[in-house]
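A look at the structure
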Amino acid sequence: MKTLIVYYGYGNHTRMIANMIKEELGCDILEIKPKIPYSADYQTVVDETEDNLETRETPEIEDINIDLGNYDKIILGTPVWWYTITPPIRTFLTTYDLSGKIVIPFATNAGWLGSTFEEIKELCKGKVENELSIKFTTEHSENKLLTSNKEITDWINKIK
Ligand SMILES: Cc1cc2nc3c(=O)[nH]c(=O)nc-3n(C[C@H](O)[C@H](O)[C@H](O)COP(=O)(O)O)c2cc1C
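Please read these numbers as outputs of a predicted model, since none were measured by experiment. (Residues numbered from 1 in each chain as written. Predicted model: local features only at pLDDT ≥ 70, side-chain atom pairs only at ≥ 80, totals over all residues. Heavy atoms only, no water.)

Taken together, 21 residues lie around the ligand, and Gly11, His13, Thr14, Val80 and Tyr83 are the ones closest in. In the model, an oxygen atom of the ligand is placed 2.8 Å from a nitrogen or oxygen of the Ala110 main chain. Isolated, the ligand exposes 650 Å² of accessible area, and the fraction of that covered by the protein chains is 93%. Going through the elements one at a time, α1 (13-25), α2 (42-48) and β4 (102-109) are the ones with two or more residues in the shell around the ligand. Residue classes in the shell around the ligand are distributed as 12 nonpolar, 9 polar and no charged. (Near = heavy atom within 4 Å. Polar contact = N/O pair within 3.5 Å; in protein donor to acceptor, adjacent residues only side chain to side chain. Areas by Shrake-Rupley, 256 points an atom, 1.4 Å probe, with all protein chains shown as cover. Helix = DSSP H or I, 4+ residues; strand = E, 2+ residues; numbered from the N terminus. Nonpolar A, V, L, I, M, F, W, Y, C, P; charged D, E, K, R; others polar.)

The next subject is the side chain of Thr86. Positionally, Thr86 belongs in the loop between β3 (73-79) and α4 (87-95). Residue Thr86 is classed as buried on the basis of its relative accessible area, which comes to 0%. Thr86 has contacts with Tyr8, Thr78, Pro79 and Trp81, leaving out every residue within four places of it along the chain. (Buried < 20%, exposed > 50% of the residue type's maximum accessible area, 1.4 Å probe, protein only. Contact = heavy atoms within 4.5 Å.)

Now for the pattern of salt bridges. Scanning all chains against the criterion turns up 9 salt bridges. As a salt-bridge pair, Asp154 and Lys150 come within 2.6 Å of each other at their nearest N and O atoms. Of this pair, Asp154 and Lys150 are both found in helix α6 (residues 149-159), 4 residues apart, which corresponds to roughly one turn of the helix. The class for Lys150 is exposed, based on a relative accessible area of 56%. Residues joined by salt bridges that share partners form a network here, namely Arg56, Arg90, Glu119 and Glu122. (Salt bridge = Lys/Arg side-chain N within 4 Å of Asp/Glu carboxyl O.)

End to end, α1 covers 19 Å across 13 residues, agreeing with the expected 18 Å (1.5 Å per residue, within 8%). Regarding α1, the residues found buried are His13, Thr14, Ile17, Ala18 and Ile21. In a view along the axis of α1, the buried residues occupy a sector of 130 degrees, so they form one face of it. Buried-residue contacts for α1 involve β1 (3-7), β2 (28-31), β3, β4, β6 (132-135) and α6. With its phi angle positive at about 60 degrees, Gly26 sits one or two positions after the end of α1. (Expected span 1.5 Å × (residues − 1). Arc of directions from axis to C-beta.)

Now the structure itself:
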């Protein structure tokens, strides 16, 4: 089975976890980037995306220079934004057909997961399984992991 990690991160939490998985599995990694980056000001992003759950926006994302057909397993990482997935990950899931693949999502968040995994399951044609919520402190800049390292490494070993 060939594995690809696909993730979007506004800050560094999701990237950090994605890189941790890459180190463990030695697999390929792809960062999703919106064509128009979000504001550098955190509070502006929070305010501007307040209706994420209702509007379910799909902003344009940069072309991916990778052939998804080469992979059987996609590890999909997203922060939680307003109780669900981030818009760039929504664009990825609605643009690319992941049928026939195993999709293993993880969501970094501050304790309010909402319907994140439900939306992934709704949009994704692949087989979604083994989802993991990874919690950090609410203080954005602090970057402190609350989910134990053991829980994360056990999960990585399970999805290998
Ligand atoms: C726009 C925005 C909305 C957020 N909404 C939620 C939320 O609904 N639930 C939650 O637990 N955390 C929420 N957070 C916190 C992030 O999910 C958390 O800090 C995440 O780990 C950030 O990942 P990143 O550093 O990779 O961008 C929100 C953060 C932002 C910027």
